[in-house]
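Each chain is listed here by its residues.
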Amino acid sequence: GEESSPTTNSTPEDEPNQERQGAAALISTALKTEDPPAIQTVTPPTLPLEWTNLAPDPSDIRPVRYPSDVMEFPRDETYLEIIGTAGQKITYMGKDLMKQVSPDITHLVLRSHLILKMEGIRGMKNLEL
């Protein structure tokens, strides 16, 4: 007995095509066997906001504090900066704020306050924004 070798009917031009088909089958198999990534939901931690409550008890009345209640300042000052501290936060600017400060005021900085409405600055012609 002669041993016969298997014969193929492929030509050298068919080899790249067969390689591509083989690679496509491997990729297809690999994609089918991998599990899709799990979807994770991230919930941010709860932030402690109790310190932001000015009056947690509804029976408490919101304190009324104007800039002049929190700090004494000369009427001719053109640069006014008032930084709110615990217990000394401005809650209302006052409609007559322009009358309490210099007509030539250029800077009015009210930082860390609980001001409900910007008022009393309409006539301040030199105020820089």
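Residues numbered from 1 in each chain as written. Predicted model: local features only at pLDDT ≥ 70, side-chain atom pairs only at ≥ 80, totals over all residues. Heavy atoms only, no water.

1. A few points about the overall build of the protein chain
Item 1. Check the secondary structure of the protein chain and you find three helices and two strands.
Item 2. Listed N to C, the secondary structure of the protein chain is α-α-β-α-β in terms of helices and strands.
Item 3. Residues classed as buried in the protein chain amount to 15% of the 129 residues present.
Item 4. Looking at the protein chain alone, contacts between residues at least 24 apart form 62% of all its contacts between residues at least 6 apart.
Item 5. Carbon and sulfur atoms form 54% of the exposed surface of the protein chain, whose accessible area is close to 10,900 Å². (Helix = DSSP H or I, 4+ residues; strand = E, 2+ residues; numbered from the N terminus. Buried < 20%, exposed > 50% of the residue type's maximum accessible area, 1.4 Å probe, protein only. Contact = heavy atoms within 4.5 Å. Areas by Shrake-Rupley, 256 points an atom, 1.4 Å probe, with all protein chains shown as cover.)

2. Comments concerning the nonpolar core
Item 1. With 11 residues, the main nonpolar core is built from Val-70, Phe-73, Leu-80, Ile-82, Ile-90, Met-93, Leu-97, Val-101, Ile-105, Met-124 and Leu-127.
Item 2. If we ignore the near neighbours within four places in the chain, the residues touching Val-70 are Arg-65, Ile-82, Gln-88, Lys-89 and Ile-90. (Core = buried A, V, L, I, M, F, W, Y, C linked by side-chain atoms within 4.5 Å.)

3. A closer look at the pairing of strand 1 (residues 79-83)
Item 1. Side chains Leu-80 and Ile-82 project from strand 1 onto a buried face, and the interleaved Tyr-79, Glu-81 and Ile-83 project onto a face without burial.
Item 2. Summarising the sheet, strand 1 and strand 2 (residues 107-111) pair through five bridges and their orientation is parallel. Within strand 2, the position partnered with Ile-83 by the bridge is Arg-111. (Pairing = 2+ DSSP bridges.)

4. Examining the environment of Met-124
Item 1. Within the secondary structure, Met-124 is located in the segment after strand 2.
Item 2. For the pair Met-124 and Lys-99, spaced 25 residues apart in sequence, the C-alpha to C-alpha distance is 9.7 Å.
Item 3. Each residue touching Met-124, except ones within four places of it in the same chain, is listed here: Leu-97, Met-98, Val-101 and Ile-105.

5. Describing the side chain of Thr-91
Item 1. Assignment of secondary structure puts Thr-91 in the loop between strand 1 and helix 3 (97-100).
Item 2. Within the local environment of Thr-91, its side chain forms a polar contact with the backbone oxygen of Pro-63, the two atoms lying 2.9 Å apart.
Item 3. With residues near it in sequence (within four places) discarded, Thr-91 still touches Arg-62, Pro-63, Val-64, Arg-65, Leu-114, Ile-115 and Leu-116. (Polar contact = N/O pair within 3.5 Å; in protein donor to acceptor, adjacent residues only side chain to side chain.)

6. Looking at the environment of Thr-91
Item 1. Residue class for Thr-91 comes out buried when judged on its relative accessible area of 1%.
Item 2. Considered as a pair, Thr-91 and Val-64 are 27 residues apart in the sequence and their alpha carbons are 5.8 Å apart.
Item 3. Reaching out from Thr-91, the side chain makes a polar contact with the backbone nitrogen of Arg-65 at a distance of 2.9 Å.

7. Focus on unusual backbone geometry
Item 1. Within the chain, Ser-112 stands out as a residue other than glycine whose phi angle is a positive 65°.
Item 2. In this structure, Ser-112 sits in the segment after strand 2.

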